[in-house]
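# Structure assessment
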Amino acid sequence: MSTDTLPAKEAAAPVASSPGGRNTLRSRRRRNALLTLAFMSPWLIGFGLFFAYPLVSTLYFSFMKYDGLNPPTWRGVDNWTYVFGDFPQFWPALRNTLWLGVVMVACRVLFGLGVGMLITKIKNGAGVYRTLFYLPYLAPPVAATLAFVFLLNPGTGPVNSVLEAVGVPAPSWFNDASWSKPALTVLAVWGVGDLMVIFMAALLDVPKEQYEAAELDGASPWQRFRFITLPNISPIVLFAVVTGVIGAMQYYTQPIVAAKVASGKMGGSGEVFVPGYPDDSTLTLPQLVYSLGFSQFNYGAACVVALVLFAFSMAFTALLMRRRGGLIGSGD
């Protein structure tokens, strides 16, 4: 039988299994791999320069004695021992950061969702209310913090004046260690316009037919929220929580500005400001990284704190992603 009468697959098989065919296939795969690598190269370069290299360098310097001027020298685990055992401000900063990551983020998400739901129900003037709630988010962090410190001033602030007028005990806010973090939470909730807009977009995408069917079945407002609204917007809730936790782990500007203004020590020429006023209640891990690295020139200990901060951020994010169904419900 001639090869002309063989089926197409049988005639092509010897060609594909021949050395020339294997070389052609290998060459084609190599070209495809290089093409894929070329398309991924911008991301790979950015990942290497701005994430991988800084992370490896931070891990390297955490085992070194380095002040930024002299060459680094090996110290082993001395920096880690110093931060965890001998540095008194580490544990208060860690507790404050975790508190803000849980309480402040939860309040922002709940308030942003509540405002978003409220505005979607408004028939007239929704654009005005949306603008009013969004404007605080546009305020610069330093300016917003300064305004809140003066508003919550225990002696002359209008908030305490109103509270005293109605017979409510007025707290000292940023001058009281037990009220400083709640005051920062109020400041964060005030600027919740970004989450409000995101939740509004998600709420408007929920199919109205599901609400109509639930009303016909006699579902209560809470049941409609629990079994229709929440499952449909669950990816947005997860996004808000994850980004909020990451932001809380990087919380630096507002607490340090509030501490400086409330203490009356703005850190001017010749004046040394120790962050955390009052009583380390506003101290966060990012402040420790800056203080150790750029004030005390102890880059090794600063790298240890930075790695702890990175580990907690990754752990929180992984936990939230893993527990997504139990945290915010399932849309299945």
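Refer to the structure presented above.
Residues numbered from 1 in each chain as written. Predicted model: local features only at pLDDT ≥ 70, side-chain atom pairs only at ≥ 80, totals over all residues. Heavy atoms only, no water.

## Notes on the overall build of the protein
Each helix and strand counted, the protein has 15 helices and 2 strands in total. Within the protein, the fraction of its 332 residues that count as buried is 34%. Relative to all contacts within the protein whose residues are 6 or more apart in sequence, the contacts with residues 24 or more apart total 68%. Accessible surface, the protein: about 19,700 Å² in total, of which carbon and sulfur atoms supply 66%. (Helix = DSSP H or I, 4+ residues; strand = E, 2+ residues; numbered from the N terminus. Buried < 20%, exposed > 50% of the residue type's maximum accessible area, 1.4 Å probe, protein only. Contact = heavy atoms within 4.5 Å. Areas by Shrake-Rupley, 256 points an atom, 1.4 Å probe, with all protein chains shown as cover.)

## Some thoughts on the environment of F148
With respect to the helices and strands, F148 occurs in helix α6 (residues 141-151). Along the chain, F148 and V186 lie 38 residues apart, while their C-alpha atoms are 9.1 Å from each other.

## Regarding the nonpolar core
Counting residues in hydrophobic clusters, the biggest one holds 58 residues, and the most contacted among them are F90, V109, F174, L285 and L288. Contributing elements (two or more residues each) for this core: α4 (90-121), α6, α8 (180-190), α9 (193-204), α11 (221-249), α12 (253-263), α13 (285-295) and α14 (299-322). If you tally residues by element for this core, the top one is α11, at 12 residues. Among the nonpolar cores identified, the runner-up in size contains 5 residues, and V115, I119, A126 and M196 belong to it. (Core = buried A, V, L, I, M, F, W, Y, C linked by side-chain atoms within 4.5 Å.)

## So, the side chain of Q287
With respect to the helices, strands and loops of the structure, Q287 is situated in helix α13. A residue is classified by how much of its surface remains accessible, and Q287, at 2% relative accessible area, is buried. If we ignore the near neighbours within four places in the chain, the residues touching Q287 are Y252, P255, I256, P275, G276 and T282.

## Comments concerning the pattern of salt bridges
The tally for this structure, following the rule as stated, stands at 1 salt bridge. Where D194 meets R108, a salt bridge forms, and the shortest distance between an N and an O atom there is 3.2 Å. A residue pair is termed long-range when its members are at least 10 positions apart, and D194 in helix α9 and R108 in helix α4 qualify at 86 residues. Using a relative accessible area of 16% as the deciding quantity, one classes R108 as buried. (Salt bridge = Lys/Arg side-chain N within 4 Å of Asp/Glu carboxyl O.)

## With respect to the packing of α6 against α8
Viewed as axis vectors pointing N to C, α6 and α8 meet at an angle of 125°, and their least axial separation amounts to 11 Å. Between α6 and α8, the angle falls in the class oblique. Pair α6 / α8 crosses with right-handed handedness. Facing α6, whose interface residues are A144, T145 and F148, α8 presents V186, L187 and W190. (Axes fitted to C-alpha atoms, helices over the stretch in contact; angles between N-to-C directions. Parallel < 35°, antiparallel > 145°, perpendicular 65-115°, else oblique. Left-handed = near helix turned anticlockwise from the far one by under 90°.)

## Things to note about a nonpolar patch on the surface
On the surface, a cluster of nonpolar side chains totalling about 860 Å² of accessible area is made up of L34, L37, M40, W43, L44, F47, F51, F310 and M314. Mapped by element, the contributors of at least two residues to the nonpolar patch are α2 (19-61) and α14. By residue number, the principal contributor to the nonpolar patch is α2, which donates 7 residues. Mapping F51 onto the fold places it in helix α2. On the accessibility criterion, F51 (37% relative accessible area) is partly exposed. (Patch = residues over 30% accessible without salt bridge, like charges linked within 9 Å, V, L, I, M, F, W, Y side chains within 5 Å.)

## Structural notes on the packing of α4 against α9
As a packed pair, α4 and α9 sit with axes 8 Å apart at the nearest point and diverge in direction by 55°. Our classification of the angle between α4 and α9 gives oblique. Crossing angle aside, the handedness with which α4 passes α9 is right-handed. Residues R108, V109, G112, L113, V115, G116, M117, I119 and T120 of α4 lie in contact with α9, whose contacting residues are D194, L195, M196, F199, M200, L203 and L204.

## Topic: α8
Because an α-helix packs 3.6 residues into every turn, residues spaced three or four apart end up facing the same way. Of all 11 residues in α8, 8 are buried, a share of seventy percent or more. For α8, the elements touching its buried residues are α4, α6 and α12.

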